[in-house]
Amino acid sequence: MRIHYLQHVPFEGLASIEQWLTKKDHILSATKFYHGDSLPSVDDLDWVIVMGGPMNIYEDDKYPWLTLEKHFIAEAIKKNKIVIGICLGSQLIANVLGSKVYKDKEKEIGWYPIKMSIEAQNSAVFASLPPSFTVFHWHGDTFDLPPGAVRIASSEVCANQAFIYGDRVLGLQFHLESTKDSVRQIIENCASELVTGKYIQEPEEILARDDDFSNINTAMSKILDYFATFLK
């Protein structure tokens, strides 16, 4: 498979997704916007993975490449590519599909539970995941459910934690790809966000959750395995 990922900052890379890719015989390429990379032709790709970042999807004036990225994601969806968005990536997909993205009532930073929807529990993608489990969050924005999309998960703070659109487009507001090393990098670069808050944990607590890191990476692999079956 020809898998291309979009990376917005140097400290939010593929993390455990890269570990999954190294076990497969896939062609991997990237657009790293912070390096000024250009975007490839969508026709040359099978998958597009859109990573996270501290910017907001509506900051096109500050990050001009956001406009180009949105057009690229829209084209990938239109051409029936597999498109997976994580955190900022899910917000970009939601926006491209016609939803509003805005500040949530609370930031979620740390380990908090999500509840899978009935639709998710009955779907081929998520049926193997528990109906409720703890995942890693680092976000302050949220989005309305895109028209035609199916809600996959919600949390106490955020009604739309994940959605699937059609059968090839997935948005995850939370991070299943995170490893202890990748989270440590986010903490080092975004320490100013770790203020006192109802749903904001201390760095020491965030990094001490070895079992949770293992569980989310297993869940990420299961989701990737599922989408890989489309192109066999």
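Anything mentioned here points back to the structure above.
Rules used throughout
- Residues numbered from 1 in each chain as written.
- Predicted model: local features only at pLDDT ≥ 70, side-chain atom pairs only at ≥ 80, totals over all residues.
- Heavy atoms only, no water.
- Helix = DSSP H or I, 4+ residues; strand = E, 2+ residues; numbered from the N terminus.
- Rg over C-alpha atoms; globule rule 2.2 N^0.38 Å.
- Buried < 20%, exposed > 50% of the residue type's maximum accessible area, 1.4 Å probe, protein only.
- Contact = heavy atoms within 4.5 Å.
- Areas by Shrake-Rupley, 256 points an atom, 1.4 Å probe, with all protein chains shown as cover.
- Lys, Arg positive; Asp, Glu negative; His and termini not counted.
- Charge placed at Lys NZ, Arg CZ, Asp CG, Glu CD.
- Expected span 1.5 Å × (residues − 1).
- Pairing = 2+ DSSP bridges.
- Right-handed = clockwise from strand over helix to strand, strands pointing away.
- Core = buried A, V, L, I, M, F, W, Y, C linked by side-chain atoms within 4.5 Å.
- Axes fitted to C-alpha atoms, helices over the stretch in contact; angles between N-to-C directions.
- Salt bridge = Lys/Arg side-chain N within 4 Å of Asp/Glu carboxyl O.

### Looking at the overall build of the protein chain
Helix and strand counts for the protein chain come out as seven helices and nine strands. Taking 17 Å as the expected radius of gyration for a compact globule of 232 residues, we find that the protein chain reaches 16 Å, a close match to that expectation. When its C-alpha atoms are laid out on the principal axes, the protein chain stretches across 45 × 40 × 35 Å. Taken across its 232 residues, the protein chain has 54% of its residues classed as buried. A sequence separation of at least 24 residues applies to 74% of the contacts in the protein chain between residues at least 6 apart. About 10,300 Å² of surface is accessible on the protein chain, with carbon and sulfur atoms providing 49% of the total. Within the protein chain, the 31 negative side-chain charges are centred at a point lying 4 Å from the centre of the 22 positive side-chain charges.

### Re helix H7 (residues 210-228)
Counted at 1.5 Å a residue, the expected span for H7 with its 19 residues is 27 Å, and the 27 Å between its end C-alpha atoms agrees. Among the residues making up H7, those that are buried are Asp212, Phe213, Ile216, Asn217, Ala219, Met220, Ile223, Leu224, Phe227 and Ala228.

### Side note on the pairing of strand E1 (residues 2-7)
Of all six residues making up E1, five are buried, and the element is well covered by its neighbours. Looking at chain direction, E1 and strand E2 (residues 27-32) are connected through six bridges and run parallel. Across the sheet, Tyr5 pairs through a bridge with Ala30, a residue of E2. Note that the unit made of E1, helix H1 (residues 16-22) and E2 has a crossover that is right-handed. As paired elements, E1 and strand E3 (residues 47-50) share four bridges and run parallel to each other. Paired with Leu6 across the bridge in E3 is Val50.

### Describing the nonpolar core
If you look at the biggest cluster of nonpolar residues, it comprises 76 residues, and the most contacted ones within it are Trp47, Met116, Phe126, Leu176, Ile223 and Phe227. By residue number, the principal contributor to this core is H7, which donates eight residues. Those residues in contact with Phe227 that lie beyond four places of it in its chain are Trp47, Ile82, Ile84, Val125, Ile164, Asp167, Arg168 and Leu170.

### Side note on the sheet that holds E3
Read from one edge of the open sheet, nine strands run E2-E1-E3-E4-E9-E8-E7-E5-E6, paired in mixed fashion. In this open sheet, the two edge strands, each paired with only one partner strand, are E2 and strand E6 (132-143). Direction aside, the axes of adjacent strands within the sheet are offset by 20 degrees on average. Lying over the sheet, helix H2 (residues 65-78) contacts E1, E3, strand E4 (82-86), strand E8 (162-165) and strand E9 (169-172), oriented at roughly 140 degrees with respect to E3. Packed on one face of the sheet, H7 meets E3, E4, strand E5 (101-116), E6, E8 and E9 and runs near 80 degrees to E6.

### Points about the pattern of salt bridges
Under the definition given, this model contains 10 salt bridges. Note that Asp46 and Arg2 form a salt bridge whose closest N and O atoms lie 3.1 Å from each other. On the criterion of sequence distance, the pair formed by Asp46 in the loop between E2 and E3 and Arg2 in strand E1 is long-range, its members being 44 residues apart. Glu75 is paired through a salt bridge with Lys79; the nearest N and O atoms lie 3.0 Å apart. Residue Lys79 is classed as partly exposed on the basis of its relative accessible area of 35%. Residues participating in the shared-partner salt-bridge network are Asp43, Glu75 and Lys79.

The values reported here are purely geometric and, on their own, carry no functional implication.
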